[in-house]
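# Working through the structure, step by step
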Amino acid sequence: MFLTYVSTQPASTASKTSSKKRSNRLFNVGLVLSFSLYSSLVAAGFEVVALGVDGGVSDGNLTSYLIRDDSQPVYLALDAGSVLPGIAKALDKGNFSDITDEMAAPLTRQGYIFRQRINSYFISHAHLDHVSGLIIGSPEDSKKTIYASADTIDVLRNYYFNWRVWPNFTDSGSGTRLGTYRMQLVRPAQSLSLGLTRLTGEMYPLSHDKSPSSMLLITSNNAAFAYFGDTGPDEIEKSKNLDTVWRKLAEKVKQQQLKGMIIEVSYPNEVDDGKLYGHMTPKWLLKELKNLEKYSGEGQPLKGLPVIISHIKPSFQQGQDVRKVIAAELEQGNDTGVDFILMDQGDSRRF
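Residues numbered from 1 in each chain as written. Predicted model: local features only at pLDDT ≥ 70, side-chain atom pairs only at ≥ 80, totals over all residues. Heavy atoms only, no water.

## A word on unusual backbone geometry
Of note, the bond from G56 into V57 is cis; its omega dihedral lies within 30 degrees of zero at -5 degrees. Within the secondary structure, V57 sits in the loop between β1 (46-52) and β2 (64-69). Notably, D209 is not glycine yet its phi reads approximately 55 degrees, a positive angle. In this structure, D209 sits in the loop between β8 (199-208) and β9 (211-220). Given the relative accessible area of 38%, D209 is considered partly exposed. Although it is not a glycine, Y277 adopts a positive phi angle of roughly 50 degrees. (Helix = DSSP H or I, 4+ residues; strand = E, 2+ residues; numbered from the N terminus. Buried < 20%, exposed > 50% of the residue type's maximum accessible area, 1.4 Å probe, protein only.)

This is the structure:
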């Protein structure tokens, strides 16, 4: 923070100002700065930028979000389905307004955000719609850390960055290792620092049909935010993974620390349970959120909690706006009082 004081008195008068008055002025300025700093800390939360919100099949708008602590300039990328197209869309919408052409030079604003403001990646699972932007953008990226589970790192290393599908831009695996990305194994339920973002994360497993997926619980000071990779409901997946996650998040709800979450709803309720393939519908998410409510205390502990709906799969049926259908179905059954949010690509919100 920089402060410039300009005197409006004539020079001769200003020179006669007593040292006591100067001291008082500096003291008052200090109080203002201290109060501003305190206010910013109290109001601290997260900024989320949606780089991609769909679950397929449009390759320019696939799952990817950025998150940062309000007090920090750099972001953690949450999955990387569409990265550069999402940055371009966010710029078109007037986001990243603090980044000027002069600041970005010699890069474009898009290139500066890509290389300098995205500090590291968390990849929830290795399906192509969650990593394609990372892979395609890797030749122009700066050195970063990729945080992921052992299964996800194994797929990235052996099936993507292998010099057959794509050059090896990582620090491990086969062939020449170009070393742009450092692969960092994340173990379940173990806290770790996430690059230079000053965010801390804990990863928990999710069930996504026959593929392992994960949720990242992001914390900063006394604020928390949950990011879910693809997941099916426990009842269909024959799993207790979501139940474990709800119990963990309930602790944050009780402490009034959970600022929000991003979770998928891929299909409307009309899709048969046998064709979900490890995904959610509105009725299943509502049922799962009742478990979070149950573990979070009496009354309506989730009332007003922001829940961003992600990974909606577009429909090719004439006259069907699947996003509107899903939004309506969520609201019709919403007796927990959560605030369902459907972000568009390029949107930015603070929590």
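## A closer look at the nonpolar core
Among the nonpolar cores identified, the biggest contains 37 residues, and M215, F228, W246, L249, M261, I309 and F340 are the most heavily contacted of them. When contributions to this core are tallied by element, the ones reaching two or more residues are β8, β9, β10 (223-228), α9 (241-254), β11 (258-264), α10 (282-296), β12 (306-310) and α11 (322-332). With sequence-adjacent residues up to four places away left out, I309 is seen in contact with Y65, I263, V265, L285, L330, F340, I341 and L342. In terms of nonpolar packing, the next biggest core, distinct from the first, is built from 32 residues, F114, V131, I135 and Y160 among them. (Core = buried A, V, L, I, M, F, W, Y, C linked by side-chain atoms within 4.5 Å. Contact = heavy atoms within 4.5 Å.)

## Side note on the confidence of the model for the protein
Fine structural detail should not be taken from predicted coordinates in areas where pLDDT scores are low. On average, residues of the protein score 89 in pLDDT, and 87% of them are at 70 or above. Across residues 1-43 the pLDDT falls below 50, and counting only partners more than four positions away or on other chains, this stretch makes ten contacts in the model. (pLDDT = per-residue confidence, 0-100.)

## Focus: the packing of α10 against α11
Where α10 contacts α11, the two axes come as close as 9 Å, and the packing angle between them is 35 degrees. Here the hand of the crossing between α10 and α11 comes out right-handed. Packed against α10, whose contacting residues are P282, L285 and L286, the element α11 presents I326, E329 and L330 at the interface. For the contact of α10 with α11, the residue count by class is five nonpolar, no polar and one charged. (Axes fitted to C-alpha atoms, helices over the stretch in contact; angles between N-to-C directions. Left-handed = near helix turned anticlockwise from the far one by under 90°. Nonpolar A, V, L, I, M, F, W, Y, C, P; charged D, E, K, R; others polar.)

## Observations regarding the sheet that holds strand β4 (residues 118-122)
Reading across from one edge, β6-β5-β4-β3-β2-β1-β14 is the order of the seven strands in this open sheet, with mixed pairing throughout. Edge positions in the open sheet fall to β6 (181-185) and β14 (348-350), since each of these has one partner strand only. Strand-to-strand, the axes of this sheet are offset by a mean angle of 25 degrees, without reference to chain direction. Packed on one face of the sheet, helix α5 (residues 109-117) meets β3 (75-78), β4 and β5 (144-148) and runs near 65 degrees to β4. Those strands touched by helix α7 (residues 150-160) are β5 and β6, and its axis lies near 150 degrees from that of β6. (Pairing = 2+ DSSP bridges.)

## Quick look at the packing of α9 against α10
Remark: α9 packs on α10, axes separated minimally by 8 Å, with the N-to-C direction vectors making an angle of 45 degrees. Judged by the inter-axis angle, α9 sits oblique to α10. Between α9 and α10 lies a crossing of right-handed hand. Seen from α9, the contacting residues are L242, D243, W246, R247, L249, A250, V253 and K254; seen from α10, they are E288, L289, N291, L292, Y295 and S296. Partitioning the contact of α9 with α10 into residue classes produces eight nonpolar, two polar and four charged. (Parallel < 35°, antiparallel > 145°, perpendicular 65-115°, else oblique.)

## Regarding the sheet that holds β11
An order of β7-β8-β9-β10-β11-β12-β13 is seen for the seven strands of this open sheet, with the pairing classed as mixed. Each edge of the sheet is formed by a strand with only one pairing partner; in this case those strands are β7 (192-194) and β13 (339-341). Within the sheet, the average angular offset between the axes of one strand and its neighbour, ignoring direction, is 30 degrees. Across four bridges, β10 lies against β11 in parallel orientation. For A226, the partnering residue across the bridge sits in β11 and is M261.

## Some words on the pattern of salt bridges
Counted according to the given criterion, the structure contains 14 salt bridges. In this structure, the salt-bridge partner of R247 is D243, at a minimum N-O distance of 2.9 Å. Of this pair, R247 and D243 both sit in helix α9, separated by four residues, roughly a single helical turn. With a relative accessible area of 18%, D243 lands in the buried category. The salt bridge partner of K248 is E251, with a shortest N-O separation of 3.7 Å. Of the two residues, K248 and E251 both sit in helix α9, three residues apart, roughly one turn of that helix. Residue classification places K248 among the buried positions, given a relative accessible area of 19%. We classify E251 as partly exposed; its relative accessible area is 41%. (Salt bridge = Lys/Arg side-chain N within 4 Å of Asp/Glu carboxyl O.)

## Quick look at the pairing of β9
Most of β9 sits inside the fold, with eight of its ten residues counted as buried. The hairpin formed by β8 and β9 contains two residues between the paired strands, and D209 there has a positive phi angle of roughly 55 degrees. Relative to β10, β9 runs antiparallel, the two sharing six bridges. By the bridge assignment, S220 is partnered in β10 with A223.

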